[in-house]
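Architecture at a glance
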Amino acid sequence: MSPASTGASTVVDAAAIATASASVPVSDDRMAPGGPGYRRMSFALFLAGVATFALLYSTQALLPLISGELGVTASAASWTVAAATGGLAVFVLPMSALSERFGRRAVMTGSLAVAVGVGLLVPFAPSLPVLVALRAVQGAALAGLPASATAYLAEEVRPKALVTAIGLFVAGNSVGGMSGRVITGWVAQEWGWRVAVGVIGGIAVVCAVAFRVLLPAPRHFSAGSLRPGVLVRTVREHLGNPLLRRLYAIGALFMTVFGGIYTVVGYRLTQEPFSLPQGVVGSIFLVYLVGTVSASTAGRLVGRLGRRGALYLSGGTTAAGLLLSLADSLGAVLLGLVLITAGFFAGHAVASSAVSKTATRGRAQASALYQSAYYIGSSVGSTAGAVAFHAGGWGGTVAVGLVAVMGVVAITVAGSRAAARA
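Residues numbered from 1 in each chain as written. Predicted model: local features only at pLDDT ≥ 70, side-chain atom pairs only at ≥ 80, totals over all residues. Heavy atoms only, no water.

1. Here's the deal with the confidence of the model for the chain
Averaged over all residues, the pLDDT of the chain equals 83, while 92% of them reach at least 70. Taken element by element, the predicted model of the chain shows its lowest mean pLDDT in helix H1 (residues 14-21) (35) and its highest in helix H7 (residues 128-142) (95). Low pLDDT (under 50) marks residues 1-26, which in the prediction has 80 contacts with non-local residues, meaning those over four places away or in another chain. (pLDDT = per-residue confidence, 0-100. Helix = DSSP H or I, 4+ residues; strand = E, 2+ residues; numbered from the N terminus. Contact = heavy atoms within 4.5 Å.)

In structure tokens, the structure reads:
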């Protein structure tokens, strides 16, 4: 998964900005747990998260098989992941601009439709360059989902329920990432990686159709214009906010850890001393269920520890998992992956929801910048993790992850000091 910075633009003219940034009227008719439409909305976005992550990382568990069939190295095969996350990173800001103009639901629907269509072509890629190109297009199409989804939630859900709602969307990400890897692992063991990727495309079709049927029409969206100047001003405003800059960096660093570890772990487990078959390696990704739990409970974690306390705990948990995974014991590696996954998803849910709360206007752009940084981290992590693995084995990949976690802690400490001064 990965981001970059592109500026297409979307912005709201003065009247629209005033409308969009004004909080909700005193009689708040936005959705809340137990209220009308909330369950449908939650399930629809959950399915969107499942489809997004299943498609985005559909080749990650299959990299050893892709390396073998196409005769390429681990670092070359890792580009099938990095290209998808990089495409998402580059296009997330332009897609967020389109969502400001044409609506969150329309952009999310169109993005899923294109990504699913490309996903059905991926199994027929004749070579690595073609496969990487298709994956880049697929990632660019999926860019319409993350920022639009969080902006939709910020507009349609009451503030007190926002962290929980975003946590459920992130939980859908974890289920999609897990199911995609587990399913592809077992299917590929019997029929090869091409059939496995095709199966994920079929599952994504079902999720996309259900998403469009279930998601309630937006009631608090105000359309903006596509004037580049307004978008540039909005982006500058967000990048000029120290808190938002810290949150963007935290998202990128967390994803650097996650992208690197899960890109390389398949190679480690298929080699000595483990030598596991592809189906079993795919099943390792069941630990994503831990991420589903930790993401969905992020709201309670922030309530008890505060945002910075939750980030410290998430970073510490991730670091402990990295160190534990160094042992040449399958049980220790699995427990390490559990801790890494729990820490990552909790930290991501906390940081992404803080972005939505901090931005008072141009929420789609604020979320897009976060997603761009987040997926840039994924691309950097998957590539750096693979290169480090080639140079120094699993210890090299873990070292890359620990440096990233230290960055999370350092940025959070800087935030605590800034808050104390203020």
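From this point, the narrative continues.
2. Overview of the packing of helix H2 (residues 38-56) against helix H10 (residues 193-214)
One way to put it is that H2 packs onto H10 with a least axis distance of 9 Å and a crossing angle of 155°. As the angle between them shows, H2 and H10 are arranged roughly antiparallel. Between H2 and H10 the crossing geometry is left-handed. Touching Arg40, Phe43, Ala44, Leu45, Leu47, Ala48, Val50, Ala51, Ala54 and Leu55 of H2 are Ile200, Gly201, Ala204, Cys207, Ala210, Phe211, Val213 and Leu214, all from H10. Its residues assigned to classes, the contact of H2 with H10 comprises 16 nonpolar, one polar and one charged. (Axes fitted to C-alpha atoms, helices over the stretch in contact; angles between N-to-C directions. Parallel < 35°, antiparallel > 145°, perpendicular 65-115°, else oblique. Left-handed = near helix turned anticlockwise from the far one by under 90°. Nonpolar A, V, L, I, M, F, W, Y, C, P; charged D, E, K, R; others polar.)

3. Let's talk about the packing of aromatic side chains
In total, this model carries nine aromatic pairs according to the counting rule given. On the basis of an interplanar angle of 10° and a centroid distance of 4.1 Å, the ring pair of Phe258 and Phe344 is categorised as stacked. On the criterion of sequence distance, the pair formed by Phe258 in helix H12 (residues 242-270) and Phe344 in helix H16 (residues 330-358) is long-range, its members being 86 residues apart. Here Phe258 falls in the buried class, since its relative accessible area comes to 2%. Both rings, one in Tyr370 and one in Tyr374, keep their centres 5.9 Å apart while their planes meet at 20°; by these two values the pair is stacked. Of the two residues, Tyr370 and Tyr374 are both situated in helix H17 (residues 363-392); the distance of four residues between them amounts to about one turn of the helix. The buried category is assigned to Tyr374, whose relative accessible area is 1%. Ring pairing ties together the aromatic residues Phe258, Tyr262, Phe344, Phe345, Tyr370, Tyr374 and Tyr375, which thus form one cluster. (Phe/Tyr/Trp six-rings, centres within 6.5 Å; stacked < 30°, edge-to-face > 60°. Buried < 20%, exposed > 50% of the residue type's maximum accessible area, 1.4 Å probe, protein only.)

4. Looking at a nonpolar patch on the surface
On the surface, Leu120, Val205, Val209 and Val213 cluster together to form a nonpolar patch covering roughly 330 Å² of accessible area. By secondary structure assignment, the location of Val209 is in helix H10. Overall, Val209 belongs to the exposed group, its relative accessible area being 52%. (Patch = residues over 30% accessible without salt bridge, like charges linked within 9 Å, V, L, I, M, F, W, Y side chains within 5 Å. Areas by Shrake-Rupley, 256 points an atom, 1.4 Å probe, with all protein chains shown as cover. Salt bridge = Lys/Arg side-chain N within 4 Å of Asp/Glu carboxyl O.)

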